[in-house]
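Observations on chain architecture
Below, each chain spelled out in residue letters.
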Amino acid sequence: GAVVSQHPSWVICKSGTSVKIECRSLDFQATTMFWYRQFPKQSLMLMATSNEGSKATYEQGVEKDKFLINHASLTLSTLTVTSAHPEDSSFYICSARKVLGNTIYFGEGSWLTVV
Amino acid sequence: AQTVTQSQPEMSVQEAETVTLSCTYDTSESDYYLFWYKQPPSRQMILVIRQEAYKQQNATENRFSVNFQKAAKSFSLKISDSQLGDAAMYFCAYRSALLMDSSYKLIFGSGTRLLVRP
């Protein structure tokens, strides 16, 4: 089956620093990737849609300058949380859609803790 | 905008019994997809079952089946012969069927925590 990998699985960073989370499709090319955020005991909230070679489309209320998304290749999208603050601590999940495919595959998620 | 509502924050079922999780949604689109995802403590999202809106027949996957009522915009999940491994968060999700990349984004409900009593 198709595999989507996120790295790192866990990251702790200091307040004010930036942290990057990678989302890779390991055995397929992904034309579109999605980034979600999940607070404890809450649902997944879509942050942005990322298309290879173009700018990401952010959902309303998501700060594009704070959550930088880059989709430089058909197998890699990155989410960079800039100037992180404790309120950015959350579980971040990516998903990917195969080129010409109709199925979405989820990564295993990344825990971010800002101290 | 589309919305997905799960009115049961938590449900409990005895092992080997049957449980039904509720989901309603709101959309003005006529063609779309509905999903049930399972999220165990590992947090990995696992697709349980999928329903195409244009299909009248309810989807079934082994012990999992849905009751899709398009007019009522209802999409419930029935789990038969519940097992301890079924304990998890269950999310109902909606996806548009429009042919554009952004349509592949999923809109999730708030989730239902399923507890399975041994």
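Provided above is the structure to which this section pertains.
Residues numbered from 1 in each chain as written. Chains lettered and ligands numbered in written order. Predicted model: local features only at pLDDT ≥ 70, side-chain atom pairs only at ≥ 80, totals over all residues. Heavy atoms only, no water.

It is worth spelling out the overall build of chain A at this point. Along chain A, the regular secondary structure elements total 0 helices and 11 strands. Listing the helices and strands of chain A from first to last along the sequence gives β-β-β-β-β-β-β-β-β-β-β. The C-alpha radius of gyration of chain A comes to 13 Å, within 12% of the 13 Å expected for a compact globule of 115 residues. Each of the 115 residues in chain A was classed as buried or not, and the buried ones make up 50%. For chain A, the share of sequence-separated contacts (at least 6 apart) that also reach a separation of at least 24 residues comes to 55%. Within chain A, one finds 10 positive and 9 negative side-chain charges whose respective centroids are separated by 1 Å. (Helix = DSSP H or I, 4+ residues; strand = E, 2+ residues; numbered from the N terminus. Rg over C-alpha atoms; globule rule 2.2 N^0.38 Å. Buried < 20%, exposed > 50% of the residue type's maximum accessible area, 1.4 Å probe, protein only. Contact = heavy atoms within 4.5 Å. Lys, Arg positive; Asp, Glu negative; His and termini not counted. Charge placed at Lys NZ, Arg CZ, Asp CG, Glu CD.)

For the rest of this paragraph, the subject is the pairing of strand E9 (residues 74–79) of chain B. Moving residue by residue along a regular strand, the side chains alternate between the two faces of the sheet. All names here are of chain B. In terms of burial, E9 is a largely internal element, 5 of the 6 residues being buried. Direction of pairing for strand E3 (residues 19–21) relative to E9: antiparallel, over a ladder of 3 bridges. Of the residues in E9, the one forming a bridge with Leu21 is Leu77. Taking the residues between adjacent antiparallel strands as the criterion, strand E8 (residues 64–69) and E9 are bridged by 4 residues, where Lys73 takes a positive phi near 55°. (Pairing = 2+ DSSP bridges.)

A word on the interface of chain A and chain B. Between chain A and chain B, the residue contacts involve 23 residues of the former and 18 residues of the latter. Remark: the boundary between chain A and chain B carries 1 salt bridge. Residue Lys105 of chain B pairs with Glu59 of chain A through a salt bridge whose shortest N-O separation is 3.4 Å. At the surface where chain A touches chain B, the tally comes to 7 residue pairs in polar contact (both at pLDDT 80 or more). (Salt bridge = Lys/Arg side-chain N within 4 Å of Asp/Glu carboxyl O. Polar contact = N/O pair within 3.5 Å; in protein donor to acceptor, adjacent residues only side chain to side chain.)

All right, on to the sheet that holds strand E7 (residues 67–73) of chain A then. The strands making up a sheet associate through backbone hydrogen bonding, with each pair oriented either parallel or antiparallel. All names here are of chain A. Strand order in the open sheet formed by 4 strands is E1-E3-E8-E7, and the pairing between neighbours is antiparallel. Both edges of this open sheet fall to strand E1 (4–7) and E7, since each of them pairs with a single strand only. Shown here is a sheet whose adjacent strand axes are inclined to one another by a mean of 15°, direction ignored. (Axes fitted to C-alpha atoms, helices over the stretch in contact; angles between N-to-C directions.)

A word on the state of the cysteines. All names here are of chain A. This structure, assessed with the given rule, holds 2 disulfides over all chains. One disulfide bridge connects Cys23 with Cys94, the sulfur atoms lying 2.0 Å from each other. Judged by the sign of its S-S torsion, about 75°, the bond between Cys23 and Cys94 is right-handed. Of this pair, Cys23 sits in strand E3 (residues 19–25) while Cys94 sits in strand E9 (residues 90–98), and the two are 71 residues apart along the sequence. As far as burial versus exposure is concerned, Cys23 and Cys94 are alike and both buried. Between Cys13, a free cysteine, and Cys94, which holds the nearest cysteine sulfur, the sulfur-to-sulfur gap is 18 Å. On the basis of relative accessibility, which here comes to 8%, the residue Cys13 falls in the buried class. (Disulfide = S-S within 2.5 Å.)

Summed over the entire model, instances satisfying the criterion amount to 17 aromatic pairs over all chains. A centroid spacing of 5.3 Å and a plane angle of 65° characterise the contact between Tyr25 of chain B and Tyr32 of chain B, whose relative ring orientation is edge-to-face. Of the residues examined, Tyr25 of chain B reaches a relative accessible area of 5% and is grouped as buried. Between the aromatic rings of Phe68 of chain B and Phe75 of chain B, the centroid separation amounts to 6.3 Å while the plane-to-plane angle is 80°, which identifies the pairing as edge-to-face. Considered together, Phe68 of chain B and Phe75 of chain B belong to a single accessibility category, that of buried residues. Ring pairing ties together the aromatic residues Tyr36 and Phe106 of chain A together with Tyr33, Phe35, Tyr37, Phe91 and Phe108 of chain B, which thus form one cluster. Arg97 of chain A extends its terminal NZ or CZ atom over the ring of Tyr104 of chain B, reaching a point 3.8 Å from the ring centre. (Phe/Tyr/Trp six-rings, centres within 6.5 Å; stacked < 30°, edge-to-face > 60°. Lys NZ or Arg CZ within 6 Å of the ring centre and 35° of its normal.)

Another aspect to go through is the pattern of salt bridges. Residue and element names in this part refer to chain B. Scanning the entire structure with this criterion turns up 7 salt bridges over all chains. When the shortest N-O distance is used, the salt bridge between Glu52 and Arg50 registers 3.3 Å. Here Arg50 falls in the partly exposed class, since its relative accessible area comes to 23%. With its nearest N and O atoms 3.9 Å apart, the salt bridge here joins Lys55 to Glu52. Given the relative accessible area of 38%, Lys55 is considered partly exposed. Sharing partners across several salt bridges, the network here consists of Arg50, Glu52 and Lys55.

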